[in-house]
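# Observations on the three-dimensional arrangement
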Amino acid sequence: MPLFPRELTDLFGLETPVPDPGHGNGGLGSGPALGALAQEPQQHGSASERAFSLPPVDGTAPSVQKKHPGSAMKKKVLRKQDNVPLLPSTPTLQGDGSFPRSSSVTSQTATGAKRREEPLRGHGQKDRAFSDPQQSLQEALSMLGSDDWELKEKGLFNIPRLAESHPEVLLSRLHEICLAVTSEVTNLRSKVSCSAVVTLGELFAILKKDMDSEADEVAVVLFHMVQNSPEFIQKAACQSLGMMVENMTPARAMTVLMDKGVKSRYTQARKCAAELLLSLVEKMGVTKLAGTPRAERLAQVAGTLAQDCHKDTRHYGQEMVKMLLNNQKFKKILEQSLSPHDLEDILTRIKKKGMENQKGEHPSVKEPVKERNDGSKKPPATLPSSKWVKSAPGGRLLHHPNAQVTSPAAVEGRESLQKLYHLLEAKGFQARMEGVALLLDLCKTSPQLISSNIVQIFDYFVLRINDTHKKVKQKALEVLAEIIGLLEDALNPVMVRLVEGITKNLNSKDPGVRAAAVNALDKSVAHLDEVSMMKELSHQWSQLSGQALLEVTERITDLVEWVYARSPEVVQRYALPVLWSCLENKALPVRSANVCAVVTKLACALCEVMGTQLIKCAESKPPHVQENLSSLLGW
């Protein structure tokens with residue numbers, strides 16, 4: 001018989017030996033006492049839990065007790081993160097039979113559990129948590145200023161909850177809060193960076209139009225993260241930008257996209273901005289936009305995106321141009337904003353894409369690329385010997401069914417292009433350099449094959465011209481200089497991307513990259529169409545600074561005589577504005593002693609070909625421009 005009834009034993013936390021008929025000692029347990037854990041008062045479980053005990057393991061019956069303190073408090077310990085000391089001789093097991101994890105893993109698990117609880121934001125819970133919202137906001141900002149990344153995450157988690165429950169508190173200090181959150185977007189710990197990006201998106205979703213004033217600074221940071229971040233942060237940044245555009249005032253959102261996204265030098269940022277701008281144009285409607293002050297600028301932006309170096313960005317730009325052409329007012333604006341050559345080039349690409357989509361050769365950008373039998377996802381090569389015929393109805397181009405090429409040379413060419421695509425987008429920089437070298441070899445051995453697929457090839461090659469690895473970038477620019485001499489006029493379809501890729505590297509801090517870019521620019525002026533080169537260099541001039549501005553100005557000067565003999569209006573439209581821009585600015589954005597010499601050379605070249613017509617054009621300019629021109633020419 002036990003010394004005390006079980007009810008009293010449970011009440012006072014005493015142990016009761018249980019006799020075991022299989023042992024000579026009467027079944028009295030000899031195990032050690034449980035110490036402080038056994039003496040700690042516990043909440044009672046069910047009767048079945050109190051009566052349960054493990055079977056004997058070492059020949060000695062365990063002491064019968066109520067529920068083991070470690071297992072009884074397991075959920076409470078995990079929930080409160082208490083550091084309960086364990087018995088040194090007996091390792092404590094988790095509920096699934098595994099040993100406890102390290103403290104770092106436990107903290108990550110707890111943080112992950114906290115993040116999973118984010119959607120569960122009941123109003124009662126918010127009211128309890130933020131009974132003093134001013135104090136809670138100050139604590140959240142203090143957490144963001146802490147060096148502890150877990151505190152930073154907690155602060156980032158609390159700010160959207162405060163915005164939901166007490167928006168008036170955040171609106172009074174909105175700029176300060178946005179600065180604190182955006183500063184954490186570039187945090188070196190990716191988890192904090194991602195949380196900050198998500199928090200910005202949530203603020204736009206909650207506060208909506210009240211965030212309009214902060215959109216410029218937030219957009220700059222988010223567009224930067226779209227390009228220079230791990231993949232999961234890039235996706236979060238794109239989603240936050242989408243929430244920004246969705247909840248802001250549409251007109252304000254369009255201005256931010258055109259100012260901060262479309263003008264970005266990063267290809268992925270421009271792609272994201274183009275996609276969001278297209279969705280915004282579809283949402284607002286072309287007819288409504290035609291009557292706004294932004295109509296002319298939107299037409300210019302659509303034309304620029306339609307000729308971007310990235311294929312997806314070009315797709316979104318071309319879709320915008322197609323929509324704008326359906327409106328007569330926008331059609332006139334496009335004809336005035338874009339040069340005839342640029343507009344004709346865009347329309348040709350749109351018509352070509354339409355025919356390709358009808359034939360089903362190329363899927364839409366928004367549709368996933370289906371794998372072919374060889375498992376490759378690269379675009380199919382357009383072989384130079386493919387024949388096209390006009391069908392009777394509508395004059396639509398169709399591929400002749402009997403003209404499909406199956407010769408060994410055609411198969412070899414297709415395989416060479418697939419290998420080229422694979423190497424140019426490889427992860428290793430050495431493989432990418434092999435792809436650049438392979439392109440040069442193909443240009444020497446199979447120039448017709450490269451010329452027929454030049455647009456698709458440049459979709460991959462232009463990324464190597466702007467590669468993050470300087471060795472790959474330098475190699476690509478050196479190869480480009482040789483390719484220009486080999487292909488010449490075959491590069492006309494990719495003229496815009498070619499010039500843009502070169503000019504972006506003229507200010508490189510690496511001397512090898514800069515020298516390769518200057519050499520490629522010289523080759524372009526020498527071998528490509530002079531009129532097209534002047535147009536593209538003039539377009540790029542307004543976006544350049546530093547030494548690149550001087551280099552491009554010198555090349556425009558070299559082209560003036562050649563282009564004026566063929567097309568005087570091109571010189572007046574593209575070269576002359578460069579001179580006026582130089583003379584209007586009291587201090588150019590270049591700190592160099594060669595500025596005056598370069599501008600003087602351009603003025604003399606224009607004066608030589610235009611004569612007195614230059615003086616007549618200068619009469620409509622401000623007085624200080626006329627004085628600067630007179631001093632340069634010695635009038």
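As the structure is a prediction and not an experimental result, all values here were calculated from the model. (Residues numbered from 1 in each chain as written. Predicted model: local features only at pLDDT ≥ 70, side-chain atom pairs only at ≥ 80, totals over all residues. Heavy atoms only, no water.)

As a further point, take the overall build of the protein. The helix and strand inventory of the protein stands at 34 helices and 2 strands. In the protein, which comprises 635 residues, the share counted as buried stands at 41%. For the protein, the proportion of contacts with a sequence separation of at least 24, taken over those separated by at least 6, is 69%. Accessible surface, the protein as shown: approximately 34,000 Å² in total, 53% of it carbon and sulfur. (Helix = DSSP H or I, 4+ residues; strand = E, 2+ residues; numbered from the N terminus. Buried < 20%, exposed > 50% of the residue type's maximum accessible area, 1.4 Å probe, protein only. Contact = heavy atoms within 4.5 Å. Areas by Shrake-Rupley, 256 points an atom, 1.4 Å probe, with all protein chains shown as cover.)

Our next topic: the packing of helix α30 (residues 546-566) against helix α31 (residues 568-584). At their nearest, the axes of α30 and α31 sit 8 Å apart, and the two run at 160° to each other. By the criterion of interaxial angle, the relationship of α30 to α31 is roughly antiparallel. Of the two elements, α30 crosses α31, and the hand of that crossing is left-handed. Counting all contacts with α30, which are made through Ile-556, Val-560, Val-563, Tyr-564 and Arg-566, the residues of α31 involved are Pro-568, Val-570, Val-571, Ala-575 and Val-578. (Axes fitted to C-alpha atoms, helices over the stretch in contact; angles between N-to-C directions. Parallel < 35°, antiparallel > 145°, perpendicular 65-115°, else oblique. Left-handed = near helix turned anticlockwise from the far one by under 90°.)

Summarising the element assignment, Arg-464 is placed in helix α25 (residues 454-465). Residue Arg-464 is classed as buried on the basis of its relative accessible area, which comes to 11%. Contact partners of Arg-464, with chain neighbours within four places excluded, come to Leu-424, Glu-425, Arg-432, Val-436, Val-472, Lys-473 and Ala-476.

Helix length check: helix α26 (residues 470-487), at 18 residues, gives a terminal C-alpha distance of 25 Å against a target of 26 Å (1.5 Å per residue), a fit within 8%. Within α26, the full set of buried residues consists of Val-472, Lys-473, Ala-476, Leu-477, Val-479, Leu-480, Ala-481, Ile-483, Ile-484 and Leu-487. Against the buried residues of α26 lie α23 (429-445), α24 (447-452), α25, α27 (495-503) and α28 (511-527). Remark: Glu-488 follows α26 within two positions and exhibits a positive phi of approximately 50°. (Expected span 1.5 Å × (residues − 1).)

Before going further, it helps to spend a moment on the packing of helix α12 (residues 190-207) against helix α13 (residues 215-227). The interhelical angle for the contact between α12 and α13, taken along N-to-C directions, is 140°, at an axis separation of 12 Å. Comparing their axes, α13 and α12 come out oblique. Of the two elements, α12 crosses α13, and the hand of that crossing is left-handed. Contacts between α12 and α13 involve Ser-193, Val-197, Leu-200 and Phe-204 on the former and, on the latter, Ala-215, Val-218, Leu-222 and Met-225.

Let us look at the nonpolar core. By size, the foremost hydrophobic cluster in this structure holds 81 residues, and its most contacted members are Leu-491, Met-534 and Leu-579. For this core, the element with the highest residue contribution is α31, accounting for 10 residues. Other than its neighbours up to four places away in sequence, Leu-491 contacts Ile-454, Phe-458, Ile-483, Ile-484, Leu-498 and Leu-528. Val-181, Leu-241, Ala-274 and Leu-277 belong to the second-largest nonpolar core, a separate cluster that totals 79 residues. (Core = buried A, V, L, I, M, F, W, Y, C linked by side-chain atoms within 4.5 Å.)

What follows concerns the pattern of salt bridges. In this structure the tally under the stated criterion is 23 salt bridges. Between Asp-459 and Arg-497 there is a salt bridge, with the nearest N and O atoms lying 2.6 Å from each other. Of this pair, Asp-459 sits in helix α25 while Arg-497 sits in helix α27, and the two are 38 residues apart along the sequence. The same class applies to Asp-459 and to Arg-497, which are both buried. Close ionic contact of Arg-555 with Asp-522 constitutes a salt bridge, the shortest N to O distance being 2.7 Å. Taken together, the residues Arg-555 in helix α30 and Asp-522 in helix α28 connect sequence positions 33 residues apart. (Salt bridge = Lys/Arg side-chain N within 4 Å of Asp/Glu carboxyl O.)

Another aspect to go through is the environment of Gln-268. Relative to the assigned elements, Gln-268 resides in helix α16 (residues 267-284). C-alpha separation for the pair Gln-268 and Gln-234, spaced 34 residues apart in sequence, amounts to 9.4 Å. Every residue in contact with Gln-268, bar those within four places of it in the chain, is listed here: Val-226, Gln-227 and His-310.

Turning to the environment of Arg-189, a few remarks are in order. Along the chain, Arg-189 falls in the loop between α11 (174-185) and α12. Sequence separation of Arg-189 and Trp-149 is 40 residues, and the distance between their C-alpha atoms is 7.8 Å.

Glancing now at helix α32 (residues 595-610). Between the first and last C-alpha of α32 there are 22 Å, a value that for 16 residues agrees with the 22 Å anticipated at 1.5 Å per step. For α32, every residue scored as buried is listed here: Val-595, Val-598, Val-599, Thr-600, Leu-602, Ala-603, Ala-605, Leu-606 and Met-610. Those residues of α32 hidden inside the fold are in contact with α30, α31, α33 (612-618) and α34 (623-633). Where α32 ends, the next residue or the one after it, Gly-611, has phi of about 65°, a positive value.

Another aspect to go through is the confidence of the model for the protein. Across the protein, the average pLDDT comes to 74, with 69% of residues at or above 70. Long-range and interchain partners of residues 1-128, a stretch whose pLDDT sits below 50, account for 88 contacts in this model, where long-range means more than four residues apart. Every residue in residues 360-406 scores below 50 in pLDDT, and together they form 71 contacts with partners more than four places removed in sequence or on other chains. (pLDDT = per-residue confidence, 0-100.)

Summed over the entire model, instances satisfying the criterion amount to 2 aromatic pairs. Ring plane angle 25° and centroid distance 4.7 Å describe the contact between Tyr-421 and Tyr-460, whose orientation is recorded as stacked. Within this pair, whereas Tyr-421 is found in helix α22 (residues 408-424), its partner Tyr-460 is found in helix α25, the two being separated by 39 residues in sequence. For Tyr-460, a relative accessible area of 8% gives the class buried. (Phe/Tyr/Trp six-rings, centres within 6.5 Å; stacked < 30°, edge-to-face > 60°.)

This part takes up unusual backbone geometry. Backbone geometry at Lys-208 places phi at a positive 55°, although glycine is not the residue there. Following the sequence through the fold, Lys-208 ends up in the loop between α12 and α13. We note that Glu-488 has phi near 50°; this positive angle belongs to a residue other than glycine. For Glu-488, a relative accessible area of 32% corresponds to the partly exposed category.

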